[in-house]
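Descriptive analysis of the structure
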Amino acid sequence: MSGIVDEMARLSASTHLSAAVVKPAYDRAALKPGIVHIGLGAFHRAHQAVYTDEALGHSFGDWGVVGVSLRSVDIVHDLRAQDELYSVITRSGAGDSARVVGSIVRSLSGTEDRDEILALLADPATKIVTITVTEKAYGLDPVSGGLDRNHPSVAADLLSPTTPVGVIGYIVEGLSRRHSAGLAPFTVLCCDNLPTNGRIVRRLTIEMAGARDPALANWISGQGAFPSSMVDRIVPAATEETRARAEKLIGAEDRQALETEPFMQWVIEDHFISGRPAWESAGALFVDDVEPYEKMKLRLLNGSHSLIAYLGQLKGLEFVRDVMGVPEYVALARRHMQEAVKTLDPVPGIDLTHYMDQLIERFENPTIAHKTQQIAMDGTQKLPQRIFAGAVETLAKGGEASSAAYVIALWIAYVQKTAEINDPRAAELKAAAAKMTADDPSAPFFSIPGLFPQTLMENSAWRARVNVKIGKIVAG
Ligand code: CS2
């Protein structure tokens, strides 16, 4: 048994140590699974798994999480070797604190355990499937809003639906088995940074189901539940330093330790078919309409995050906090928020001025090493909801959308300058960069099919603004 398992036993026995490290406040041996989570990366384990861990301490029930990693096997092997326990270190200027999370009861990998995952999805005990697979994994066609049938895992799952490889394929096959068995569907709760994420996943699921069996698609459409949710917590990729810090704090080796900021937020539409954990007892907010919260978070947090990331990449600044160390760049982030906030409707219970100030503070957190490179990846998947949608609305209201133009200019300059970019459309982006001219440098990017909204492509005055900004950025 690995150190963290022994340490858990020791923590339970020692009142002195148990005060320093938060540990599950429930009988973990009695915890049965009720949730399958797809996408076992750092974000899930520092966010929804923590909410569930906390909620179980307030109101115990069969809500253990089976974590599924569609591709990676390492994380699954590591977690199994430590009895699925891992620690989350919360870091701020006030110091570090650790929590050992117990809500994950089992982990599985799509590469090795497909049959077991499908059996679990069809199990009556599974009530909810939560998802964090990142924007690019859904196979969403940004133009139609439906399935991109050329997306590799979508194409594979349309061809062989009973042996899925992608997230929507797994959901459809799981629901199909439940339909045949006369069971209720599980609730699908998307936790990725997409606007109206529940509605998107509902549409993709029904489309894929319809391709194999219209009756299944009808059943999902009538009986299924796909609440939208907004998730927020800054979770940098873990490093050796994270593991060293965890070892010091919990006194044991933890190969899957994570670090994150104190802030966390989860806003969820309360539409669940067969119950849910008492996530509100852990601070989650249940609302009728998540859209205003999603829009706020995507445009203010993620939009300015992208600005900071491309700026950092162009200026050789490794971490978000380094960019925030330059007052001129902080002013650019604030200016971006000021432009984006004008596109938002009032958000119930949120003071937007306070929210924006808090974002600046969160980005400045000196203890969080969030790589600008990590945020800069997948621009084609992130910028539509973070930047383009707000620009369309700003221009429609007669505004200049000049900060949006600036972020796009930074992104184009970054694509041009960076030898290897990480983006599913990297080849198209690099081809566009190779065709840039001094007169109209953004033109090859605006011609990439299905990327920019039509109104931006057709707005030559605004595109000229993007070009001027590219010129200034490239000139340094
Ligand atoms: C970031 C997000 O990587 C990125 O693109 O903007 O992951 C961000 O840290 C989270 O959405 C914060 O909740």
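Small disclaimer: the values here were computed from a predicted structure and weren't measured.

What to know about the overall build of the protein chain
- Counting its secondary structure elements, the protein chain contains 22 helices and 12 strands.
- Relative to its 476 residues, the protein chain shows a buried fraction of 57%.
- Sequence separation of at least 24 residues holds for 77% of the intrachain contacts in the protein chain that already meet a minimum separation of 6.
- Of the roughly 18,900 Å² of accessible surface on the protein chain, a fraction of 52% belongs to carbon and sulfur atoms.
- When the 47 positive and 57 negative side-chain charges of the protein chain are each reduced to one mean point, those points stand 3 Å apart.

A few points about the side chain of Glu-261
- Relative to the helices and strands, Glu-261 is located in the loop between β10 (258-260) and β11 (265-269).
- Look at Glu-261 and you get buried, because its relative accessible area is 2%.
- A polar side-chain atom of Glu-261 sits 2.5 Å from a polar atom in the side chain of Arg-362.
- In this view, Glu-261 contacts Thr-90, Arg-91, Arg-233, Ile-234, Arg-362, Asn-365 and Ile-368; residues no more than four positions away in its chain are not counted.

Re the confidence of the model for the protein chain
- Residues with a pLDDT of 70 or more make up 97% of the protein chain, whose mean pLDDT is 96.
- Of the regions scoring below 50 in pLDDT, residues 14-18 engages in 5 contacts with residues more than four places distant in sequence or in other chains.

With respect to the site of the ligand
- Every residue near the ligand is listed here: Asn-193, Asp-232, Arg-233, Lys-297, Asn-302, His-305, His-370, Ile-375, Lys-382 and Arg-386.
- Residue His-305 places a side-chain N or O atom 2.8 Å away from an oxygen atom belonging to the ligand.
- Separating an oxygen atom of the ligand from a side-chain N or O atom of Arg-386 is a distance of 2.9 Å.
- Across the complex, the protein chains shield 89% of the 340 Å² of accessible surface that the ligand would expose by itself.
- Of all the cavities here, the one that holds the ligand is the largest pocket.
- For the shell around the ligand, the secondary-structure elements that each account for two or more residues are α12 (291-315) and α17 (379-396).
- With 3 residues, the top contributor of residues to the shell around the ligand is α12.
- By residue class, the composition of the shell around the ligand is 1 nonpolar, 4 polar and 5 charged.

Thoughts on empty space enclosed by the protein
- Here the structure, examined in full by the defined rule, presents 5 cavities of 30 Å³ or more.
- Size it by volume and the largest cavity reaches roughly 70 Å³.
- In this structure, the largest cavity is lined by Arg-299, His-336, Glu-339, Ala-340, Thr-343, Arg-386, Ile-387, Gly-390, Ala-391, Thr-394 and Ala-404.
- Broken down by secondary-structure element, the contributors of at least two residues to the lining of the largest cavity are α14 (327-341) and α17.
- Of the residues belonging to the lining of the largest cavity, the class tally is 4 nonpolar, 4 polar and 3 charged.

Examining the pairing of strand β9 (residues 229-232)
- Of the two faces of β9, both are covered, the one formed by Ser-229 and Val-231 as well as the one formed by Met-230 and Asp-232.
- Pairing of β9 with β11, which is carried by 4 bridges, proceeds in the antiparallel orientation. Bridging from a neighbouring strand, Asp-232 pairs with Gln-265 of β11.

Section: the layout of surface pockets
- Here the largest pocket defines a volume of roughly 1,400 Å³.
- Lining the largest pocket are 49 residues; nearest its centre among them are Gly-41, Phe-43, Thr-132, Val-133 and Thr-134.
- The set of elements that each furnish at least two residues to the lining of the largest pocket consists of α3 (42-46), α7 (152-159), β9, α12, α16 (372-376) and α17.
- When the residues that make up the lining of the largest pocket are grouped by side-chain class, the tally is 21 nonpolar, 16 polar and 12 charged.
- The residues that make up the lining of the largest pocket include at least three from each of domain 1 (3-287) and domain 2 (291-475).
- Considered as a void within the structure, the second largest pocket measures approximately 1,100 Å³ in volume.
- Lining of the second largest pocket is provided by 40 residues; of these, Leu-140, Asp-141, Pro-142, Val-143 and Pro-384 occupy positions nearest its centre.
- If you list the elements that add at least two residues to the lining of the second largest pocket, you get α9 (197-212), α12, α17 and α21 (454-457).
- With 8 residues, the single largest contributor to the lining of the second largest pocket is α17.
- Of the residues assigned to the lining of the second largest pocket, the class counts are 18 nonpolar, 10 polar and 12 charged.
- Residues from two domains meet in the lining of the second largest pocket; each of domain 1 (3-287) and domain 2 (291-475) gives at least three.

Description of the sheet that holds β11
- The sheet built from 3 strands is open, its strands ordered β9-β11-β12 with mixed pairing. If you trace the sheet from one side to the other, it starts and ends with β9 and β12 (285-287), each paired once. Taken over all neighbouring pairs, the strand axes of this sheet differ in orientation by 15° on average, direction set aside.

Side note on the side chain of Gln-82
- Among the structural elements, Gln-82 can be located in the loop between α5 (74-81) and β4 (86-92).
- Among the polar contacts listed, one links the side chain of Gln-82 to the backbone oxygen of Leu-85, at a separation of 2.7 Å.

Details of the domain arrangement of the protein chain
- When its domains are assigned, the protein chain resolves into domain 1 (3-287) and domain 2 (291-475).
- Using C-alpha coordinates to define each centre, domain 1 is positioned 29 Å away from domain 2.
- In this assembly, 31 residues from domain 1 lie in contact with 28 residues from domain 2.
- Summed over both partners, the interface of domain 1 with domain 2 buries about 2,300 Å², with 56% contributed by carbon and sulfur atoms.
- At the junction of domain 1 with domain 2, the criterion picks out 5 salt bridges.
- Glu-291 is the salt-bridge partner of Arg-199, the closest N and O atoms lying 2.7 Å from each other.
- Applying the counting rule to domain 1 against domain 2 returns 12 residue pairs in polar contact (both at pLDDT 80 or more).
- Mapped by element, the contributors of at least two residues to the side of domain 1 that touches domain 2 are β4, α9, β9, β11 and β12.

Rules behind the numbers
- Residues numbered from 1 in each chain as written.
- Predicted model: local features only at pLDDT ≥ 70, side-chain atom pairs only at ≥ 80, totals over all residues.
- Heavy atoms only, no water.
- Helix = DSSP H or I, 4+ residues; strand = E, 2+ residues; numbered from the N terminus.
- Buried < 20%, exposed > 50% of the residue type's maximum accessible area, 1.4 Å probe, protein only.
- Contact = heavy atoms within 4.5 Å.
- Areas by Shrake-Rupley, 256 points an atom, 1.4 Å probe, with all protein chains shown as cover.
- Lys, Arg positive; Asp, Glu negative; His and termini not counted.
- Charge placed at Lys NZ, Arg CZ, Asp CG, Glu CD.
- Polar contact = N/O pair within 3.5 Å; in protein donor to acceptor, adjacent residues only side chain to side chain.
- pLDDT = per-residue confidence, 0-100.
- Near = heavy atom within 4 Å.
- 1 Å grid on protein atoms, 1.4 Å probe; cavity = no way out; pocket = protein on both sides within 12 Å on 5 of 7 lines; lining within 4 Å.
- Sits in = over half its atoms within 2 Å of the grid points.
- Nonpolar A, V, L, I, M, F, W, Y, C, P; charged D, E, K, R; others polar.
- Points joined across faces, edges and corners; volume = space filled by probe spheres on them.
- Pairing = 2+ DSSP bridges.
- Domains from an automatic or database assignment.
- Axes fitted to C-alpha atoms, helices over the stretch in contact; angles between N-to-C directions.
- Buried area = accessible area lost by both parts, 1.4 Å probe.
- Salt bridge = Lys/Arg side-chain N within 4 Å of Asp/Glu carboxyl O.

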